[in-house]
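Report on the structure
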Amino acid sequence: MLVTIRRLWPNGLPALANDDLKTLLLNSELPGVRDAILAARESAGTPGVMANDWIDDIVSRSEGSPLYLELLLSQLASHGTVAGVRAAIDAMIGAPNAIPRGLDALYRSLVSEFGTGDIATLATPALCLLARAREPLTPSAIADLLLFDDVPFGTEEHAATAGLVEQILRRFGPVLTWERVAQDRWVRIDHDSFRHFLANDPGHAQNWTRAARIWGRAAESPEQFPNASTHLLRHGVAYLLVAGRVQAATRLLTSVEWHHHRLERLRLEGIEQTLDDFSKVESQVSECGEPELAAPFLFIS
């Protein structure tokens, strides 16, 4: 049965009214957040004024986005205790101009919040790899891609990197969706606004381009990525095309051995489709004048 899905808001959810946003803010159920906000309102010099100004500032800078509030509240909750959340709110009350204005500015703030160190080094590359992924990934699969040619799989450093990747992703909880399949947890970016930010923010341009190259390189040797091999067999040709590797995509498409291996592996995983976005792949490769593709196209159609 074919089903047509019509998006109710093709340009994203409409902005909420300020009163609705204030209600969301004051009714947060994240640990410590609601209690800290109420405590700040009750203890202000003029009852409620400073804290209410903070609420007005937050609502104004959200520019109507409920996702902005979700992310900000999640960031506050990461302080762990009412006292920690309260200290963060007091810091924002003391420097209201430091509160990011708009969703892109908040994304930028969250990414740069990691500062320096191992997590900061991994944050942007890991997020860009996930944003370019065509299916959910496990933190271990992201670690595979980040450490290729550097650290053997199964080592302590690989396990530690997967753990750091999971810490990074937890910071962006409201824009991600986690799924449990068997013993693994899979994650995907669930909001196009975050993907758009990573793709267009000048501070992420090099890592965004590099992520495409990593996916393209991995697509040529999926067996070397044990936690992402099925994913690469399924989408490898598309990744090569995105990376501008048309000749490499052609080599895969003209390899009968690769097609047999791919179909066998996908069937073992219960995946019955042949080639994703096939018409797009065919047109892009054909534009490059590869006459020998006619037979393979017949084979996989």
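Given the structure is predicted, the values throughout are model-derived calculations rather than measurements.

We now examine helix α4 (residues 66-77). Across its twelve residues, α4 extends 16 Å between first and last C-alpha, which sits within 8% of the 16 Å expected from 1.5 Å per residue. Where burial is concerned, most of α4 is hidden: ten out of the twelve residues are buried. Within α4 the residues assigned to the buried category are Leu67, Tyr68, Leu69, Leu71, Leu72, Leu73, Ser74, Gln75, Leu76 and Ala77. Taking the backbone nitrogen of Leu67 as reference, a side-chain oxygen 3.3 Å away marks Ser65 as the first, capping residue of α4.

Right, let's talk about the confidence of the model for the protein for a bit. Residues at a pLDDT of 70 or more form 73% of the protein, whose mean pLDDT is 77. The element-level mean pLDDT for the protein is lowest in helix α16 (residues 294-300), coming to 41, with helix α11 (residues 205-219) highest at 94. Under a pLDDT of 50 for its full length, residues 1-11 has, in the predicted model, one contact with residues more than four places off or in other chains. Across residues 45-49, where pLDDT falls below 50, the model places three contacts with residues more than four positions away in sequence or in other chains.

Turning to the packing of helix α7 (residues 118-132) against helix α8 (residues 139-147), a few remarks are in order. Packing of α7 against α8 leaves a shortest axis separation of 10 Å and a crossing angle of 115°. In this view, α7 runs roughly perpendicular relative to α8, as classed from their interaxial angle. The element α7 and its partner α8 pack so that their crossing is right-handed. In this structure, α7 uses Leu122, Pro125, Ala126, Leu129 and Leu130 to contact α8, whose residues at the interface are Ile142, Leu145 and Leu146.

A separate point is the environment of Thr230. The topology assignment puts Thr230 in helix α12 (residues 229-242). Look at Thr230 and you get buried, because its relative accessible area is 15%.

What follows concerns the pairing of strand β1 (residues 176-181). Looking at chain direction, β1 and strand β2 (residues 184-189) are connected through six bridges and run antiparallel. Considered in β2, the bridge of Arg180 is made with Arg185. The turn linking β1 back onto β2 is made up of two residues, and Ala182 within it adopts a positive phi angle of 55°.

Evaluation of the coordinates by the stated rule reveals nine salt bridges. A salt bridge links Arg188 to Glu179; the nearest nitrogen and oxygen atoms lie 2.4 Å apart. When its relative accessible area of 28% is taken as the criterion, Arg188 is described as partly exposed. Taken together, the salt bridges that share partners define one network made up of Glu179, Arg188 and Asp190.

Thresholds, definitions, all that
Residues numbered from 1 in each chain as written. Predicted model: local features only at pLDDT ≥ 70, side-chain atom pairs only at ≥ 80, totals over all residues. Heavy atoms only, no water. Helix = DSSP H or I, 4+ residues; strand = E, 2+ residues; numbered from the N terminus. Expected span 1.5 Å × (residues − 1). Buried < 20%, exposed > 50% of the residue type's maximum accessible area, 1.4 Å probe, protein only. Polar contact = N/O pair within 3.5 Å; in protein donor to acceptor, adjacent residues only side chain to side chain. pLDDT = per-residue confidence, 0-100. Contact = heavy atoms within 4.5 Å. Axes fitted to C-alpha atoms, helices over the stretch in contact; angles between N-to-C directions. Parallel < 35°, antiparallel > 145°, perpendicular 65-115°, else oblique. Left-handed = near helix turned anticlockwise from the far one by under 90°. Pairing = 2+ DSSP bridges. Salt bridge = Lys/Arg side-chain N within 4 Å of Asp/Glu carboxyl O.

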